[in-house]
Amino acid sequence: MADEDLLPSVRQLVSKVKPTIHAAKNVSEAEELLLHLEETDENFHRYELVKYLRNKISTDLGSVIDSEIEKRTLENRGKGGGEEELIRTITDVVVNSIGYSSLTQSLKHKTKDAVDRLLETFDEDVDNQRKVYEGRQSPKKTAFPFSDDSSSFESSFNQPDFDFPNQEKFQRLAQNLENDQPIELRRDAVMQLCHIPPSDVLACDQWTHLKKGLQDALADSDDQLSDKSLQFHARMFSTNSHMVTREVYSNLVDHLTTLFQSRKCKAAFPIGDGLNAADPYVQRILRKFRLMNEFQREVPSYWVRFPEKFLDDVIECTLSLLSIHSIGAISSNETMTPLHYFALLDPKASWFRKWMHGNYSRTAVLRILEKHRILVDTCVKFLMDFVSTRKSGSDSMTDLTDTMRRSKIGEEKRKIFTSKELEYLYFVHCLSIIGVVTLYANGRQFFPVKQRDKEVTITDLLVSLIHLLPHGGTELATRAAVFDPGNLVTDVLKCVSASQAVCSECMKNKVIMELISPLRMYMKGRKCKESTLLHIADILSVLASSQCGRQMLLYGESKERIKHNKLAAVHTIAEFAKKSISKSLPSQCGPAPSRAVVGAYVFICRQIYSNCEGLHVLYPYGLHSYIADAWREASRETERAPTPRPDSDSDTSSQSGKQEAIDAFAWEQTLRDNLLNFAGTPKGLLMLQQTGAMNECVEYMYVRYANKLQVSKHEKFGYGTMVTQIAATAPGMVALHSTGFIKALLAELWSVLECGPDERRIIRPTAIPVDPIDKSAHKSLMSLVNVLSAYPAVYEVIANQPLANKESYSFREVPDTITGIIERLIMVDSPGKVHSLFNVEQSHVFGLRILSVMCCCLDSFLLLETQYKIQDMLLQSQQQNRRGQDEGRDDFIIDMPSVERNHVLVRTYIVGGPSERILPPRTLNDQDDPYPWPLFSQFPVPKQYTPQLIRPSAMKQENELTKFLSASKNDEVNSLWLDKCKKAFCSLLTRKADLGTGKVLVDMLDRVLSALLKIPDESIFPLKDYIGSDSQLKGHKLPALQIMGIKMAVRYGQHLKILHNVSESTEKLTMLIKQSTQYLKQQQRKTDSEIRFLQQDYMGHDWFASTLFLMMSGNREKSWNFLHKFSTLIASGYLWLPRFHNSMQLPPQLTVSGIHPVFSTTGHNIELLLQIEVPLVYSAFKMSGYTCSQICQNWLRQCFWNYFDWQDICHYVCVCILMGSDYQVYTCVAIFKHLQQSLLLHAQHKDLQVFLTERPIQGFHVGNYLEYMQQLEQKYRYLVLTDKVYNQAMIMTKQ
């Protein structure tokens, strides 16, 4: 850089500060003014000398400054002190550095040399300036290689064409650009401006005059002058200065605005004449608009870095230009406007979409658009007029859109555009703008738009646009499809439907009814194009994917959910889907719709029936049967399809057959996918099982689940919830096991805990677990919990399955069954099992956690205990974990497995609700005694885990219920008496729930039962006599599971101080269970089923009979009499689960399904009400991959044992019998409402399943939520009690 010349920059500085020097009175004042020049001169940083100095400082001292800043910052971190002290320190170091000294010496030398030469050539410079003014010669060119703006021109240092003139030259250029100057002089002036850096042009004093001259040049008829001026504007856009960009853009827009506002404007020619792009004048106009459009599309990427004024100015001038419009409807007299030219160059208004994309610019656009709302009005009016002129016929729109693929302008492209093409492009542009405006709340405020004698609302506009759907072409995949009116309108309506807020305001019932009107016409015999049907299906699919849109389809604009609305759009859609898939549409419509159309409408129905609310509406249509029939037909077609041969590639017929086979396979997969989505709800799962396609659908799901695919394009979550729903039933677990899903799940689990397959490459060794359940194993734990939480499913994979108990196992021997996991991870009771595990402690604790969750279902625990003696194994392991033979807690070694085993032993031995037992924690504390809970190796458990309960008082305490029962002792029990009893009972629970215990509730239930037997709608089953005797009962042997359940129930009664004589109570309860089992067996049908759970008597403990036995204080006769009469009530099937096991009172197809009505009906209604009443909890279940029906099935199966205290269990039974069996549903919904905050928290922690399964329901009391349940009864009783399962049961009985 030794050849740097500072003379030009010094000369520029002197000329610029000349007025400042002249204003000074003396030399000292002049020096003072020059020292503060930066403060007084706004152009200070534009001077070339200043730029040069800044660059030199950055180059020579930048590294020193940066290193010093970094060093000082690190030293002062955490210390006090301000920034001023830090800056002062850094400045001192830099000033005293060697680099600073050499820099100052170099600058002094170069500056002195420049000043000396300036003084020597002073006279020559004065003479040159005089000659310039006289016009006798051109000024001397100078170049400044250190200009900051050079980067915008790709290194102007190496471009000798750039010129750096002084103010006199700018003045001369401005004069040369005036209109009265010769054309050559004007051309030369523009050429010279093109070689000057943009910042210099804008900074000169003559910019105002130059801008006027450049506008005149743009408007000049001379092609060269106009092109050069446009070239200058294009070059100016390349600068990084917002001031330059704004000035140039506004100058270009001002020129176009003046052009179109002129009365003699040639650009605003009649549209009826068409447009000839080959015309030179039109080409110039198009180039100007193209430059403007390119800037519009580029500027959003960086205008956030510029001042807001830049944004406002650009938007303001743009919208002002586009607001210039021709008044009038579509006619041959309409003239071209700026918006027409934009439509020609950017038909889909990509510039406007980019401007509206970010909130920063969108806010400004909508604010300024309010001042230019004429633009919105013009677009809306044109759209309405365009649609109205094409309602009568197609108007050759298909041919018109087909030509749009050749609409590009340029070399070897189309040159001529007809008036119809121009109008259509204008329509596309207006539609794109309005489509974006309607997506935002401030944009929708522009509506309604006044048009002639009416106002156009958004609803009116959308209805009008829907009329264009039939005008689309038949080919949806061609290049012309971009301009197809059907595609354009579909895109707009899809964007409107996708947003909750926009959909609720815009997609009114009027719009939806107009949208589905072609479906109604089709079913009445009027043919409709397939492209139109596909467009409608595409829009409806997006609409059905959101909560707001789904409700509009289900109920219209009615705010009352669940209530049947015959006029809702969903009924038309379902009817069309049913008729199209069954090929029962009117014959006059010609051939049946294609598979694409049928699949599209079945998919819409699938989006609706995949949740409980939608299935409730679509259930009457029986879509599962129609889809299953079509799937079987497609499967047969796939089997008949020829197998492709390698030598058939050139054979046309073989290629056609191959394509048909591919299409048939795809259609079969689509139908199977739609069938599978019935499994998203409990009742839908029952419907899927009844089709006989459960195994095939689960196999399809397994393939997609293994590939981590989403359920559908509009579904945010995967198959986790669906897997859990399927695994909650016996047939579902059979399907999961047979398709290899369980095996794959266990293989993934084993690879996380122990080791993967031999071929799995190990990149790095796994981390040593710190927590009992490592994060890597947490997902596998939740997945296994999901499939092992329901007893019917557990029974299918465990019942009668012995453990291998081999002497040794290889390290790579991966268990592939649930019993294998039990053997290897839970029953770790031999040296061979211990030595087969790499991580013995962690893997065993994982197995114990699985065991703990499984044992929360009492039937699952009884099954595990009777088959594998898990309690004995745990006690033996605890005994082996002792240091010596002395008694006492300190003899046990406290580690993760022993603490976990202690927890499981206490959980499985003691029965009780939140306040009736104490479960030891799984963690240690930081106190002196890290685990103060006693460990044990034999039963009974230490007394520390069994709190002392207060024995129920034998004294009769008066309350409203006892008073009512005493007063009405001699009254006839009927419906009127029942209503009074309900009021007294509800008053007792809400005010003095503690008094509702013992004999009072039993007396009430006896009389309530007598009243219910007189009500035909309640007592729907016949009362059959019991055939048998006590001697026969004594000879009947109960399964070991029932015997252990009886012992557990008696132990619970003893703990509650209800039962006193253990052996006598055990014998009585045993006889009661035998008698009820034999009685129910008289009403069961034999089923030939592969499901193990259906192949014999009810293989679970009768928890309802045990509950009644305890409520009756161990009175067997009284308990049996109640159960015998209770069996005639509809409520018996839902409170007393063995009642409906293989029952003859149910339809055969429901019996053989293996899905209990408690799951398919009660569980379904719980999910439905939860979705409406507690949507946050419903969403938490959805995101957790767990289902509320599964946990509710466990609660209801065991009558809330271990989840409620005994008093609340009694209240629950009484409420469901007295108030109605639908209160079973309301109770579960109330529980979820009570636990809402905890559920949301555990959903975030991803342990919702474990929380609900293991934890008792803390703080919930039936009486506290009775009022809430009554509110649910008023809203949903008709829905719950009129469920189809109820109706079918009633029909079977009456027949």
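Residues numbered from 1 in each chain as written. Predicted model: local features only at pLDDT ≥ 70, side-chain atom pairs only at ≥ 80, totals over all residues. Heavy atoms only, no water.

1. A few points about the overall build of the protein chain
Along the protein chain, the regular secondary structure elements total 65 helices and four strands. Evaluated residue by residue, the protein chain yields a buried proportion of 54% over its 1295 residues. Across the protein chain, every contact between residues at least 6 apart in sequence was considered, and the portion connecting residues at least 24 apart equals 76%. (Helix = DSSP H or I, 4+ residues; strand = E, 2+ residues; numbered from the N terminus. Buried < 20%, exposed > 50% of the residue type's maximum accessible area, 1.4 Å probe, protein only. Contact = heavy atoms within 4.5 Å.)

2. A look at the environment of F446
By the element assignment, F446 lies in the loop between α22 (441-444) and β3 (449-451). Placed 76 residues apart in sequence, F446 and E370 show a C-alpha to C-alpha distance of 7.8 Å. If we ignore the near neighbours within four places in the chain, the residues touching F446 are L366, L369, E370, R373, V376 and V437.

3. A closer look at empty space enclosed by the protein
Left-over empty space is what a probe sized like a water molecule reveals as it rolls over the atoms. Applying the stated criterion across every chain yields a total of five cavities of 30 Å³ or more. Estimates place the volume of the largest cavity at around 210 Å³. At the level of elements, α56 (1148-1151), α57 (1157-1173) and α59 (1188-1197) are the ones that each hand at least two residues to the lining of the largest cavity. Split by residue class, the lining of the largest cavity holds 13 nonpolar, eight polar and one charged. Computed from the structure, the second largest cavity encloses a volume of approximately 100 Å³. Lining the second largest cavity are 14 residues, with G680, T721, E1167, Y1178 and K1182 sitting closest to its centre. Looking at the lining of the second largest cavity element by element, the count peaks at three residues for helix α58 (residues 1175-1184). For the lining of the second largest cavity, the per-class residue count stands at five nonpolar, seven polar and two charged. (1 Å grid on protein atoms, 1.4 Å probe; cavity = no way out; pocket = protein on both sides within 12 Å on 5 of 7 lines; lining within 4 Å. Points joined across faces, edges and corners; volume = space filled by probe spheres on them. Nonpolar A, V, L, I, M, F, W, Y, C, P; charged D, E, K, R; others polar.)

4. Considerations on helix α40 (residues 791-798)
Within α40, eight of the eight residues are buried, leaving the element largely enclosed by the surrounding structure. Where α40 ends, the next residue or the one after it, N800, has phi of about 60°, a positive value.

5. Here's the deal with helix α38 (residues 741-753)
If you check α38, its first and last C-alpha atoms are 19 Å apart, about what 13 residues at 1.5 Å a residue would give, namely 18 Å. Where α38 is concerned, the buried positions are F741, I742, L745, L746, L749, W750, S751 and L753. Elements that come into contact with the buried residues of α38 comprise α35 (694-706), α36 (720-727), α37 (730-738), α39 (775-787), α41 (818-826) and α43 (840-855). (Expected span 1.5 Å × (residues − 1).)

6. Quick notes on the side chain of H624
Summarising the element assignment, H624 is placed in helix α32 (residues 623-640). We classify H624 as buried; its relative accessible area is 12%. Look past the residues within four positions of H624 in its chain and what remains in contact with it is L675, F678, M687 and T691.

7. Remarks on the pattern of salt bridges
This model, assessed by the stated rule, comprises 39 salt bridges. Two residues, D227 and R287, come together in a salt bridge whose shortest N-O distance is 3.2 Å. You can see D227 sitting in helix α12 (residues 223-236) and its partner R287 sitting in helix α14 (residues 280-298), a full 60 residues away along the chain. By relative accessible area, D227 is classed as partly exposed at 30%. With a relative accessible area of 31%, R287 lands in the partly exposed category. (Salt bridge = Lys/Arg side-chain N within 4 Å of Asp/Glu carboxyl O.)

8. Overview of the confidence of the model for the protein chain
Low pLDDT marks regions whose predicted coordinates should not be analysed in detail. Here the protein chain averages 85 in pLDDT, while 87% of its residues score no lower than 70. By mean pLDDT, the top-scoring element of the protein chain is helix α61 (residues 1223-1234) (97), and the lowest-scoring one is helix α65 (residues 1284-1294) (44). Scored below 50 in pLDDT, residues 475-480 shows 10 contacts in the model against residues more than four places distant or in partner chains. (pLDDT = per-residue confidence, 0-100.)

9. What to know about the packing of α35 against α36
Each pair of packed helices can be described by the angle between their axes along with the distance between the axes. Two elements in contact, α35 and α36, have axes whose closest approach is 11 Å; the angle formed by their N-to-C orientations is 145°. Crossing handedness for the pair α35 and α36: left-handed. Across the interface between the two elements, V698, M701 and Y705 of α35 pack against G720, M722, V723 and I726 of α36. Across the contact of α35 with α36, the residue classes tally to six nonpolar, one polar and no charged. (Axes fitted to C-alpha atoms, helices over the stretch in contact; angles between N-to-C directions. Left-handed = near helix turned anticlockwise from the far one by under 90°.)

10. Brief notes about the nonpolar core
Core analysis: the biggest nonpolar cluster contains 384 residues, and Y601, W1195, F1200, F1232 and L1252 have the highest contact counts within it. Discounting chain neighbours no more than four positions away, the residues touching W1195 are F1200, Y1203, C1228, I1231, F1232, L1252 and I1257. The next biggest cluster of nonpolar side chains, apart from the first, holds 11 residues, and it includes L7, I90, V94 and L103. (Core = buried A, V, L, I, M, F, W, Y, C linked by side-chain atoms within 4.5 Å.)

11. What about the packing of aromatic side chains?
In the structure shown here, the tally under the stated rule is 52 aromatic pairs. Ring geometry for Y1052 versus W1206: centroids 6.0 Å apart, planes at 85°, classification edge-to-face. Within this pair, whereas Y1052 is found in helix α51 (residues 1040-1055), its partner W1206 is found in helix α60 (residues 1206-1218), the two being separated by 154 residues in sequence. No difference in accessibility class separates Y1052 from W1206, as the two residues are buried. Ring centres of Y1223 and Y1226 lie 5.1 Å apart, and the angle between their planes is 75°; this geometry places the pair in the edge-to-face category. With Y1223 and Y1226 both in helix α61 and three residues apart, the pair spans about one turn of that helix. Under the relative-accessibility criterion, Y1226 is labelled buried at 0%. (Phe/Tyr/Trp six-rings, centres within 6.5 Å; stacked < 30°, edge-to-face > 60°.)

12. As for the state of the cysteines
All told, the structure shown has zero disulfides when counted by the stated rule. Distance from the sulfur of C981, which forms no disulfide, to the nearest cysteine sulfur (C986) is 9.1 Å. (Disulfide = S-S within 2.5 Å.)

13. Section: unusual backbone geometry
For the bond from F447 to P448, the omega torsion is 0°, close enough to zero to count as cis. With respect to the helices, strands and loops of the structure, P448 is situated in the loop between α22 and β3. Here the amide bond leading from F939 into P940 is cis, since omega sits at 0°, within 30 degrees of zero. Locating P940 in the fold gives a position in the loop between α46 (896-909) and α47 (960-967). If you check the backbone angles, C1199 has positive phi at about 50° while not being a glycine. With respect to the element layout, C1199 can be found in the loop between α59 and α60.

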